[in-house]
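Chain residues, written in single-letter form:
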Amino acid sequence: MGKLERSDVQGLVVSGYAAMHHARYLLLRVVDPVMARRWLGRLADRITNSEAPGRRRCTNVALTAAGLAALGLDEHELGTFAVPFQEGMTAPHRQRALGDVGASDPATWAWGGSHGGDGRCSAADLHVLLLLFAPDERTMADVEADERAALEADGGLEVVLSLVPEPLPGRLSVGKFGVEHFGFADGLSQPTIAEGDDGSDPGRGRGQPAPIAAGEFVLGYRNGYGRLTPWPELRGPAGPRPDFGRNGTYLVFRQLAQDVAGFWSFLDQATREDDDEPSWARMDALAAKVVGRWRSGAPVVRSPHADDPSLATANDFGYAGPDPHGERCPFGAHIRRTNPRDVLGSAGPAKARELSDLHRLIRRGRVYGPALDDVLGGDDGRDRGLMFMALNANIERQFEFVQNTWCNNPKFAGLYHEQDPLLGNPAPGQGTFTVQDRPYARRVRGLSGFVTVRGGAYLFLPAISALRHLASRG
């Protein structure tokens, strides 16, 4: 279908806006469909596209299935969208597949869950997500004030909740996106979108991962199978709009609370020896095995015995050659589960890489909440974590597959009775993690769930032309 039409694709697809240190995420509810559509039409002129990020402000927008229904889409039109998007993240079978049970049950969520009231925004009331970015706090305040004024002037939507991530890059500047609350450099492994869809594979075999087919992330282009991912179609004043979904994509948004004190307390207890004193060296080493990278970002497969900050941004590695048995980077390590790269089942390295690439995500998360100063001093009662965002053209094959088949699967890569050590949801103190080694593996017990879901939604990130089409519907 040709080269990526950057002028029509929202900028979040190609950029995490690293120069935009401040962000606001406004959750909106439609109160007047006609005026809301008019607002969308005006907003389209302010949307940041993928050609070049703005210098003073960046604006993007996404809509839920409930939001599109509130804007006037009929049942047939909504039926052309992807099924996970239609059903929502809180559909019972999707909830179970994602591991959103217990403390992560959608009934407890602050937003996007199955219940509202008490200051909570339910899935039924979450219609639009307005994403605002600015380089500094003063500009951010002006941007938010401008957008709130526009919302108030049109009167078609109301703000039901404002989410405020911490400024980038945080207290520790490692990489473009700083350090997440467990203490690890974040945002290091991102797929590159192939500009065309001609099947070319520049980069493979030259040290860097090859670009991923544009259709894995943007609708209307060929995906990793060489096919066009289905996209939604709408009616219009002049007839059907079969190209409505082209240049759009699906956005997965989840608020993940992190139990930082619990994570480091577990590492402390798991590494105690006869001296009965905490050892940061031992804790750091086990933490690196759990994550698959040292806190600097250096991959343990390339530096298995000690951190090497010179490798902090390294992403040109695989597991098949240097670590087929998981003795450098454990099979169950977080980054090896979420992206197995060139080791997957019985497939050879090239085929394994090809299969892994069919499940990649573009991540656009930012941390929220203050850092915990004394990680071994107990929890301070403050909420902190990650505003996780992922872009994908196929929610089932990409986000849900990674979460269910790789993260939550207790039998991943020959393991049994283990989940992702960070994203898993074991019973308190009942989780395990295996560290492969010679002459025998070591099993670490006593893991709890260190991440709890506090909110979430599946959204559609339309093309800019699609926003204008929605506005034209009267």
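See the structure above.
Bear in mind that the values here come from a model prediction, so they are computed numbers and not experimental data.

Draft legend 1. Looking closely at helix α6 (residues 137-154). Helix length check: α6 (18 residues) gives 26 Å between terminal C-alpha atoms against 26 Å at 1.5 Å per residue, within 8%. Among all positions of α6, only Thr139, Met140, Val143, Glu144, Glu147, Ala150, Leu151 and Asp154 are buried. When α6 is viewed along its axis, its buried side chains cluster within an angular range of 135° and face the same direction. Away from the buried face of α6 by more than 90 degrees, exposed residues Arg138, Glu152 and Ala153 are located. Phi for Gly155, located one or two positions after α6, is positive at around 75°.

Draft legend 2. The arrangement of the packing of aromatic side chains in detail. Under the criterion given, the structure shown has 20 aromatic pairs. Their ring planes at 45° and their centres at 4.8 Å tell us that Trp111 and Phe253 sit as a pair that is tilted. Within this pair, whereas Trp111 is found in strand β3 (residues 111-113), its partner Phe253 is found in strand β9 (residues 249-258), the two being separated by 142 residues in sequence. Ring geometry for Tyr250 versus Phe460: centroids 5.4 Å apart, planes at 55°, classification tilted. On the criterion of sequence distance, the pair formed by Tyr250 in strand β9 and Phe460 in strand β15 (residues 451-461) is long-range, its members being 210 residues apart.

Draft legend 3. Spatial organisation of the pairing of strand β1 (residues 22-30). Here β1 lies mainly inside the structure; eight of its nine residues are buried. Judged from the seven bridges that link them, β1 and strand β5 (residues 128-134) form a sheet pairing that is antiparallel. Pairing of Tyr25 across the sheet is with Leu131, part of β5. Bridge analysis of β1 against strand β6 (residues 157-163) gives six bridges, and the strand direction is antiparallel. Bridged to Leu28 within β6 is Val159.

Draft legend 4. Representation of the side chain of Asp323 within the structure. Looking at the element boundaries, Asp323 is found in the loop between α8 (280-291) and α9 (334-338). The class for Asp323 is buried, based on a relative accessible area of 2%. Look past the residues within four positions of Asp323 in its chain and what remains in contact with it is Val301, Arg328, Cys329 and Arg336.

Draft legend 5. Quick peek at unusual backbone geometry. For the peptide bond that leads from Arg438 to Pro439, omega is 5°, which places it in the cis range. The phi angle at Asn247 is positive, at roughly 75°, despite the residue not being glycine. The residue Asn247 is located in the loop between β8 (239-241) and β9 in this model. On the basis of relative accessibility, which here comes to 3%, the residue Asn247 falls in the buried class. For Ala413, which is not glycine, the phi torsion reads 50° and is therefore positive. Its place among the elements puts Ala413 in the loop between α11 (396-407) and β13 (431-435).

Draft legend 6. Examining the environment of Gly292 more closely. Topologically, Gly292 is positioned in the loop between α8 and α9. When the C-alpha atoms of Gly292 and Ile335 are compared, they prove to be 5.5 Å apart, with 43 residues separating the residues in sequence. Other than its neighbours up to four places away in sequence, Gly292 contacts Pro299, Val300, Cys329, Ala333 and Ile335.

Draft legend 7. The nonpolar core, seen in detail. The biggest cluster of nonpolar side chains holds 87 residues, and the ones touching the most others in it are Trp39, Phe81, Phe85 and Phe263. With residues near it in sequence (within four places) discarded, Phe85 still touches Leu63, Thr64, Ala65, Leu68, Tyr250, Ile395, Tyr458, Leu459 and Phe460. Core analysis: the second largest hydrophobic core is formed by 35 residues, Cys58, Met389, Leu391 and Ala457 among them.

Draft legend 8. Broad picture of the pairing of strand β14 (residues 442-447). Strand direction decides the pairing type here: β13 and β14, joined by five bridges, are antiparallel. Within β14, the position partnered with Gly431 by the bridge is Leu447. Counting the residues in the hairpin turn of β13 and β14 gives six residues.

The rules behind these values
- Residues numbered from 1 in each chain as written.
- Predicted model: local features only at pLDDT ≥ 70, side-chain atom pairs only at ≥ 80, totals over all residues.
- Heavy atoms only, no water.
- Helix = DSSP H or I, 4+ residues; strand = E, 2+ residues; numbered from the N terminus.
- Expected span 1.5 Å × (residues − 1).
- Buried < 20%, exposed > 50% of the residue type's maximum accessible area, 1.4 Å probe, protein only.
- Arc of directions from axis to C-beta.
- Phe/Tyr/Trp six-rings, centres within 6.5 Å; stacked < 30°, edge-to-face > 60°.
- Pairing = 2+ DSSP bridges.
- Contact = heavy atoms within 4.5 Å.
- Core = buried A, V, L, I, M, F, W, Y, C linked by side-chain atoms within 4.5 Å.

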